[in-house]
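Here is what each chain is made of, one letter per residue.
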Amino acid sequence: GIQVEQSPPDLILQEGANSTLRCNFSDSVNNLQWFHQNPWGQLINLFYIPSGTKQNGRLSATTVATERYSLLYISSSQTTDSGVYFCAAGAGQNFVFGPGTRLSVLP
Amino acid sequence: EPEVTQTPSHQVTQMGQEVILRCVPISNHLYFYWYRQILGQKVEFLVSFYNNEISEKSEIFDDQFSVERPDGSNFTLKIRSTKLEDSAMYFCARETGTGVPYEQYFGPGTRLTVT
């Protein structure tokens, strides 16, 4: 089955800094989503992005499906951005989640 | 506005007991999913459910688990005889239903603690 890797596993930033999170997947996929898991455990949709580039405020994402990776960019980070960021990918209906990147934004 | 609600938010049960976790979609979607997340680990797919039938399930979804949509609205996950290792957060998800295939929205989760 599909394997999903994420890097870095942990990231500590000062407020205002920019960051790039990476997701690699082992096989061709037709689904890819980025989620933010907040401190209360909720999974918040960030992007549905099986290919191409999308932007939403300070966040943007790019997926290069032919090269089997996706990137999540966070600009001008805020303390509320802290949490775990998951990439999930799939070739059918269900998702395989990566292990996540734990982001801590310090004031 | 929550897309999916789940009840209860937290359930504590003794090993060997049966538990039923509920998922209530806000609107009439056809595709539903259950995932689980053991504390500190990644989210794992359990089962997908379409048109009142299981369409796909993982190796985790063994005979101890079952799903149904008994009243055409609530979508339930039943664990027949809970084990300590069933302690996890259980998420229900549904497809967006806006014509974007496979985009999933997750409920807030039910934290199951087996003692």
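In the block above lies the structure referred to throughout.
Since we're looking at a predicted model, the values are computed, not measured. (Residues numbered from 1 in each chain as written. Chains lettered and ligands numbered in written order. Predicted model: local features only at pLDDT ≥ 70, side-chain atom pairs only at ≥ 80, totals over all residues. Heavy atoms only, no water.)

## Observations concerning the overall build of chain A
Quick reminder of the rule: Helix and strand assignments come from DSSP, with helices taken as H or I runs of at least 4 residues and strands as E runs of at least 2, each series counted from the N terminus. Values of the radius of gyration come from C-alpha atoms, whereas the globule rule sets the reference at 2.2 Å times the count of residues to the power 0.38. Remark: exposure states derive from per-residue accessible area (1.4 Å probe, protein chains only) relative to the maximum for the residue type, with buried under 20%, exposed over 50%, and partly exposed in between. Throughout, a residue-residue contact means that at least one pair of heavy atoms, one from each residue, lies within 4.5 Å. Asp and Glu count as negative and Lys and Arg as positive, but His and the ends of the chain are not part of the count. We put the charge of a Lys on NZ, of an Arg on CZ, of an Asp on CG and of a Glu on CD.
Counting secondary structure elements, chain A contains zero helices and eleven strands. Secondary structure elements of chain A occur, N-terminal to C-terminal, as β-β-β-β-β-β-β-β-β-β-β. In terms of C-alpha radius of gyration, chain A reaches 13 Å, essentially the compact-globule figure of 13 Å for 107 residues. For chain A, the C-alpha atoms occupy an extent of roughly 40 × 25 × 20 Å along the three principal directions. Within chain A, buried positions represent 51% of all 107 residues. Nonlocal contacts in chain A, meaning residues at least 24 apart in sequence, comprise 55% of its contacts between residues at least 6 apart. Taking the average location of the 5 positive side-chain charges in chain A and that of its 6 negative ones, the two points are 5 Å from each other.

## A short note on the layout of surface pockets
The line we're drawing: Here a cavity denotes grid points, spaced 1 Å and computed from the protein atoms alone, that fit a 1.4 Å probe unable to get out, and a pocket denotes an open set having protein on both sides within 12 Å along at least 5 of 7 lines; residues with an atom within 4 Å of a point are the lining. Grid points are joined across faces, edges and corners, and a volume is the space filled by probe spheres set on the points. When residues are grouped by polarity, Ala, Val, Leu, Ile, Met, Phe, Trp, Tyr, Cys and Pro land in nonpolar, Asp, Glu, Lys and Arg in charged, and all others, Gly among them, in polar.
Of the pockets and cavities examined, the largest pocket occupies roughly 360 Å³. Taken together, 22 residues line the largest pocket, and the ones lying closest to its centre are Q37, V84 and R102 of chain A together with Q37 and G40 of chain B. For the lining of the largest pocket, the secondary structure elements donating two or more residues are β9 (83–90) and β11 (101–106) of chain A together with β9 (88–95) of chain B. Broken down by class, the residue content of the lining of the largest pocket amounts to ten nonpolar, nine polar and three charged. There is about 300 Å³ of room inside the second largest pocket. Every residue lining the second largest pocket is counted, 15 residues in all, and those nearest its centre are I2, N94, F95 and V96 of chain A together with F45 of chain B. Among the elements of the structure, β10 (96–97) of chain A together with β5 (43–50) and β6 (53–57) of chain B are those that each provide at least two residues to the lining of the second largest pocket. Counting residues per element, the lining of the second largest pocket draws most heavily on β5 of chain B, at three residues. Here the lining of the second largest pocket is composed, by residue class, of seven nonpolar, four polar and four charged.

## Regarding the packing of aromatic side chains
Residues and elements named next belong to chain B. Heads up, the condition is: Side-chain rings of Phe, Tyr and Trp, where Trp is taken by its six-membered ring, are said to pair if the distance between their centres is within 6.5 Å; with planes under 30 degrees apart they count as stacked, over 60 as edge-to-face, and otherwise as tilted.
Inspection of every chain in the model, using the stated rule, returns 17 aromatic pairs over all chains. Between Y31 and Y33, the ring centres sit 6.5 Å apart and the planes meet at 15°, which makes this aromatic pair stacked. Assessed through its relative accessible area of 21%, Y31 is described here as partly exposed. Its relative accessible area of 0% is what places Y33 among the buried residues. A ring pair is formed by Y33 and Y35, whose centres lie 6.4 Å apart and whose planes are at 35°; its orientation type is tilted.

## So, the sheet that holds strand β6 (residues 52–56) of chain A
All names here are of chain A. Rules: Paired strands are those between which DSSP finds at least two bridges. Convention adopted: a line fitted to C-alpha atoms gives each axis, helices being fitted over their contacting stretch, and angles between N-to-C directions are expressed from 0 to 180 degrees.
Read from one edge to the other, the open sheet built from five strands follows the order β1-β3-β8-β7-β6, with strand pairing classed as antiparallel. Strands with a single pairing partner mark the edges of an open sheet, and in this sheet they are β1 (4–7) and β6. Averaged over all neighbouring strand pairs, the angle between strand axes comes to 15°, with direction disregarded. Looking at chain direction, β1 and strand β3 (residues 19–25) are connected through four bridges and run antiparallel.

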